[in-house]
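Structural characterization, general
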Amino acid sequence: MADPYQNNGGYGYQGESYPQEEDAASDATEGHDDEDQMYEGEYQGIPHPDEVKAAQRAARAKARQAQAGATELEELAEQYEDIMEDCGHGRFQWTLFIVLGLALMADGVECFVVGFVLPSAEKDMCLSNGEKGMLGLIVFLGMMVGAFIWGGMADKLGRRKCLIWALTVNCVFAFLSSFAQGYGFFLFFRLFSGIGIGGSVPIVYSYFSEFLQMDKRGEHLSWLCMFWMVGGIYASFTAWGIIPRYGWGFSMGTEFQFHGWRVFVLVCALPAITSLVGLMFMPESPRFLLENAKHDEAWMILKNVHDTNWRAKGQPEKVFQVTHIKAPKTNEDEFIEIQSATGTAIQRWAVRTLTLCKLVGPKMNVASLLGPELRLSTLFMAIIWFTMAFSYYGLGVWFPDMIKYLQQEEYESKVKVFHRERVERFHFNFSLENQIHREGEYINDKFINIEMKSVKFEDSLFEDCYFEDIKSTETMFENCTIRSTVFYNTDLYEEKFIDCKLENTTFLHNKRGCHLDIDEENDVLIYLVSFLGSLAVLPGNIISALFMEKIGRVKIIGLSMLISAGCTFFLFLSFSQAAIIAWQCLFCGVSVAAWNGIEVITVELFPASKRATAFGVLNALCKLAAILGSSIFASFVGVTKVVPILLSCAALVCGGLVALKLPETREKILQ
């Protein structure tokens, strides 16, 4: 049989001997001498993993020789897999794992930022309900646009370069948003912050997968997903530690306020900044370089990966034996080169920029995924991404909103009602909370330096009263008569007097600015819910990572989505906050296995030239589903549980059944 490692139209090794294979021991044994260890299966007739890899490689080489019509890209895929096996899995991949994990963590943090700061930001910027809703959706809108743009660009300009640009955009606009005092500027900056971080998911998975060999790809991509969970935990802890503590900020008069929630926005940018610094020391994906005919640069990177890993394993003498890699030349590169071969530097730059815009535009991006070979895979994956995101993000909003609704119901059930009380010449020097006063009479009373929270006066009379230094939240006067009364330095504006008769009433030095309302801090339970929801992902992440190669991507996705659909039915039995939290944790723990499988199989179904593009388009569809799901589910809070539960269940069942139709990719060479 011919030696599969001789240069027969593929790539060659120095010398005639087979290259040494990667040690089959755990990464924890790095630095040990392989010759001093005895393979445990030797006396049981079990072949050594190195022998198995050699046999697999020989079979692939034989199949490659038999396929006379194999394209250059197919040959490159086979060659590249052999090279990555020789490079091994070690220090380089673990370093890249941390750097890219931080970028994924930044994406997870971004999803939580606005939700945590909204209760405080609405006071600083006097937001209406409509403005709060728009602010909650604008991040997902930005991430949708960013995923679409950055995914396409990463396939044309490079994974590392585009990820650096995307994280830079995120960091800059996140920083600016923390100082924005007006709603318009804050909305604009958060939009572009979302556009920046939107590129992290499609690029990170494409980038990392191209440094992994086939038998480690599913497991380690699943481990990478854990950083999204870490992002949720990080956001929950920092929000709880910073936002309620307004002493962490400062103010310059009433025009510039920098409260604790703005500090939190700055702290949330740290994962992206750290990842950005780490990327400066990481190389471009050699697979991308080979796809774009940059042979020498790719060879140097692969050699560095090989040497880094084997030095860390205590074998610095092991030589990188690859001498030649056949790198195909793509039509798109030729097209750009032809158009930019003449003219001035500015003209060449303009031609290349216009060409790039055409190549990464919406029409080209989507059209490239709808060819005969990819059409069915794209359709199936679009259905799975959409249904999963619709249910996951929809319930992700519904769970905390339902908890808030139950809290409000419990709060309102404890309201104190005072009927026809008469208070004369009394000095109110204590706070009033959760009270309703009906048909009362208040004569010559003083309300000085107190707080009023959820207080309502109905059909009452105030005569010769004096209000001073009042801070109020959800307080109003309805159908009251107010005579000869003074309001001095209060936030009781005339808008809070509904259908009232104001006779000889004076308002002096009213407080201005919503930030002067009572500091209604986020309930600790809300932080706890987010923390537990993120932490519940851990078991699902571990199980899916360990069984991704054993069970397969398709079964993990299908079974996880169907089990998640079953979990939603138990929400009919949840009538308390504790029950909702418990089912949220179970749902998150099961659904994360589906997410891991979806992200792994998305990487493996699409070729390198379209991998980031496909991931970007599908992730943009995911964010669109998140916008629709969160909007629809939130509208039924306090109305009915039936519609959100049935919608999420139907979507998950549909996605799970479609997933079972996908081809299994765990033993597929990365195309």
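Residues numbered from 1 in each chain as written. Predicted model: local features only at pLDDT ≥ 70, side-chain atom pairs only at ≥ 80, totals over all residues. Heavy atoms only, no water.

**Structural notes on the overall build of the protein**
To keep things clear, this is the line we draw: Helix and strand assignments follow DSSP, with helices taken as H or I runs no shorter than four residues and strands as E runs no shorter than two, numbered in order from the N terminus. For each residue, the accessible area found with a 1.4 Å probe, counting protein chains only, is set against the maximum for its type, and the residue is called buried under 20%, exposed over 50%, and partly exposed in between. Two residues form a contact once any of their heavy atoms are found within 4.5 Å. Only the protein chains shown count as cover for residues, and all accessible areas are computed by the Shrake-Rupley method using a 1.4 Å probe.
Counting its regular elements, the protein contains 22 helices and 16 strands. Residues counted as buried form 55% of the 671 residues belonging to the protein. Across the protein, the fraction of contacts at a sequence separation of at least 24, relative to all contacts at a separation of at least 6, is 67%. Carbon and sulfur atoms make up 61% of the accessible area of the protein, which totals about 29300 Å².

**Quick word on the confidence of the model for the protein**
Stated precisely, the cut-off is as follows: pLDDT gives the predictor's per-residue confidence on a scale running from 0 to 100.
Here the protein shows a mean pLDDT of 80. Residues at 70 or above account for 80%. Least confident of the elements in the protein is helix α13 (residues 331–339), whose mean pLDDT is 47; most confident is helix α10 (residues 270–279), at 94. A low-confidence stretch, residues 331–340 stays under pLDDT 50, and its non-local contacts, those more than four residues away or across chains, total 15 contacts. Residue range residues 515–522 is modelled with pLDDT below 50. Its contacts to residues more than four positions away, or to other chains, number 26 contacts.

**Let's talk about the packing of aromatic side chains**
Our working rule: The criterion for an aromatic pair is that two Phe, Tyr or Trp rings (for Trp, the six-membered ring) have centres within 6.5 Å, with stacked assigned to planes under 30 degrees apart, edge-to-face to planes over 60 apart and tilted to the rest. Geometrically, a lysine NZ or arginine CZ counts as sitting over a ring once it is within 6 Å of the ring centre and also within 35 degrees of the ring normal.
With the rule as written, the count across this model stands at 48 aromatic pairs. Geometrically, the ring pair formed by F92 and F211 is tilted, given 5.1 Å between the ring centres and 45° between the ring planes. Note that F92 is positioned in helix α3 (residues 91–124) and F211 in the loop between α7 (200–209) and α8 (214–242), a separation of 119 residues in sequence. In terms of burial, F92 and F211 fall into one category: buried. Taking 6.4 Å as the distance between ring centres and 85° as the angle between the ring planes, the aromatic pair formed by F467 and F477 counts as edge-to-face. Here F477 lies in strand β11 (residues 476–478) and F467 lies in strand β10 (residues 466–473), a separation of 10 residues in the sequence. F477 matches F467 in its accessibility class, with the two residues each being buried. Connected via pairs of aromatic rings, a cluster forms that spans F426, F428, F430, Y442, F447, F457, F462, F467, F477, F487, F497 and F507. The cationic tip of K313 hangs over the ring face of W310; the distance from NZ or CZ to the ring centre is 5.8 Å.

**Details of empty space enclosed by the protein**
Cut-off, in case you're wondering: Every definition here rests on a 1 Å grid over the protein atoms only: cavities are sets of points where a 1.4 Å probe fits but cannot get out, pockets are open sets enclosed by protein on both sides within 12 Å along at least five of seven lines, and lining residues have some atom within 4 Å of a point. Grid points are joined across faces, edges and corners, and a volume is the space filled by probe spheres set on the points. Gly falls in the polar group here, along with every residue not listed as nonpolar (Ala, Val, Leu, Ile, Met, Phe, Trp, Tyr, Cys, Pro) or charged (Asp, Glu, Lys, Arg).
Applying the stated criterion across every chain, the model contains 4 cavities of 30 Å³ or more. Looking at the largest cavity, its volume works out to about 80 Å³. Lining the largest cavity are A106, V109, E110, V113, N170, A174, R190, I197, V265, C268, A269 and A272. Of all the elements in the fold, those that place two or more residues in the lining of the largest cavity are α3, α5 (159–179) and α6 (183–197). The leading source of residues in the lining of the largest cavity is α3, at 4 residues. Here the lining of the largest cavity is built from residues that sort into 9 nonpolar, 1 polar and 2 charged.

**A few points about the packing of helix α4 (residues 129–157) against helix α21 (residues 611–634)**
Between two packed helices, both the angle of their axes relative to each other and the distance between the axes serve to describe the pair. Note the following rule: Lines are fitted to the C-alpha atoms to define the axes, a helix being fitted only along its stretch in contact, and any angle between axes, read from their N-to-C directions, falls within 0 to 180 degrees. Any angle from 65 to 115 degrees is called roughly perpendicular, while one under 35 is roughly parallel, one over 145 is roughly antiparallel, and all others are oblique.
Remark: α4 packs on α21, axes separated minimally by 6 Å, with the N-to-C direction vectors making an angle of 170°. Taken together, α4 and α21 sit at an angle that is classed as roughly antiparallel. Looking at the contact of α4 with α21 residue by residue, the classes come out as 14 nonpolar, 7 polar and 3 charged.

**Considerations on the packing of α5 against α6**
Which entries qualify depends on this criterion: Crossings are assigned a handedness: left-handed for a near helix turned anticlockwise from the far helix by less than a right angle, right-handed for a clockwise turn.
It is the contact of α5 with α6, at a shortest axis distance of 7 Å, that shows an interaxial angle of 160°. Judged by the inter-axis angle, α5 sits roughly antiparallel to α6. α6 is crossed by α5, and the crossing has left-handed handedness. Contact with α5, carried on its side by A166, L167, V169, N170, F173, A174, L176 and S177, involves F186, F188, F189, R190, F192, S193, G196 and I197 of α6 and no other residues of that element.

**Notes on the nonpolar core**
The condition that has to hold: The definition of a nonpolar core used throughout is a set of buried Ala, Val, Leu, Ile, Met, Phe, Trp, Tyr and Cys residues joined through side-chain atoms within 4.5 Å.
Counting residues in hydrophobic clusters, the biggest one holds 155 residues, and the most contacted among them are Y205, F264, M381, I384 and W595. With 19 residues, α3 is the single largest residue contributor to this core. Discounting residues that sit within four places of it in the chain, M381 has contacts with I598, I601, T602, L605, F606, L618 and L662. The next biggest cluster of nonpolar side chains, apart from the first, holds 20 residues, and it includes V423, F457, F467 and F497.

**A closer look at the sheet that holds strand β7 (residues 441–443)**
The cut-off we apply is this: A pair of strands is labelled paired if DSSP reports no fewer than 2 bridges between them.
If you walk across this open sheet you meet the 5 strands as β4-β7-β9-β12-β15, and the pairing is parallel. Every other strand in the sheet has two partners, leaving β4 (422–424) and β15 (501–503) as the edge strands with one partner each. The average angle at which neighbouring strand axes cross in this sheet is 5°, direction not considered. Relative to β15, strand β12 (residues 481–483) runs parallel, the two sharing 3 bridges. The residue of β15 that forms the bridge with T481 is K501.

**Here's the deal with α10**
For clarity, the threshold we go by: What the arc measures is the spread of directions leading from the helix axis to the C-beta atoms.
Within α10, the full set of buried residues consists of P271, A272, S275, L276, G278 and L279. Mapping the buried residues of α10 onto a view down its axis gives an arc of 165°, with all of them on the same face. Buried residues in α10 make contact with α3, α5, α7, α8 and α9 (260–267).

**Structural notes on the pairing of strand β6 (residues 432–438)**
Within β6, 5 of the 7 residues are buried, leaving the element largely enclosed by the surrounding structure. As judged from the 6 bridges shared by β6 and strand β8 (residues 446–458), these two strands associate in the parallel manner. By the bridge assignment, I436 is partnered in β8 with K456.

**Topic: the pairing of β8**
Pairing between strand β5 (residues 427–428) and β8: 2 bridges, direction parallel. By the bridge assignment for β8, F428 is matched with F447. Inspection of the sheet shows β8 paired to β10 by 7 bridges, in the parallel sense. The partner of I448 across the bridge, within β10, is E468.

**As for the pattern of salt bridges**
The line we're drawing: Here a salt bridge means any side-chain nitrogen of Lys or Arg lying within 4 Å of a carboxyl oxygen belonging to Asp or Glu.
A complete count under the given rule lists 18 salt bridges for this structure. Note that K414 and E410 form a salt bridge whose closest N and O atoms lie 3.6 Å from each other. Between K456 and E458 there is a salt bridge, and its shortest N-O distance comes to 3.1 Å. Overall, K456 belongs to the partly exposed group, its relative accessible area being 24%. Under the relative-accessibility criterion, E458 is labelled buried at 15%. Residues joined by salt bridges that share partners form a network here, namely D155, R159, E210 and R611.

**Regarding the state of the cysteines**
The bond known as a disulfide is covalent and runs between the sulfur atoms of two cysteines. Our working definition: Defined by distance alone, a disulfide is two cysteine sulfur atoms within 2.5 Å.
Counted under the stated rule, the structure contains 0 disulfides. Here C111 stays free of any disulfide, with the sulfur of C622 as its closest cysteine sulfur at 8.6 Å.

**Concerning unusual backbone geometry**
Even without a glycine there, the phi angle at E474 is positive, about 50°. Here E474 lies in the loop between β10 and β11.

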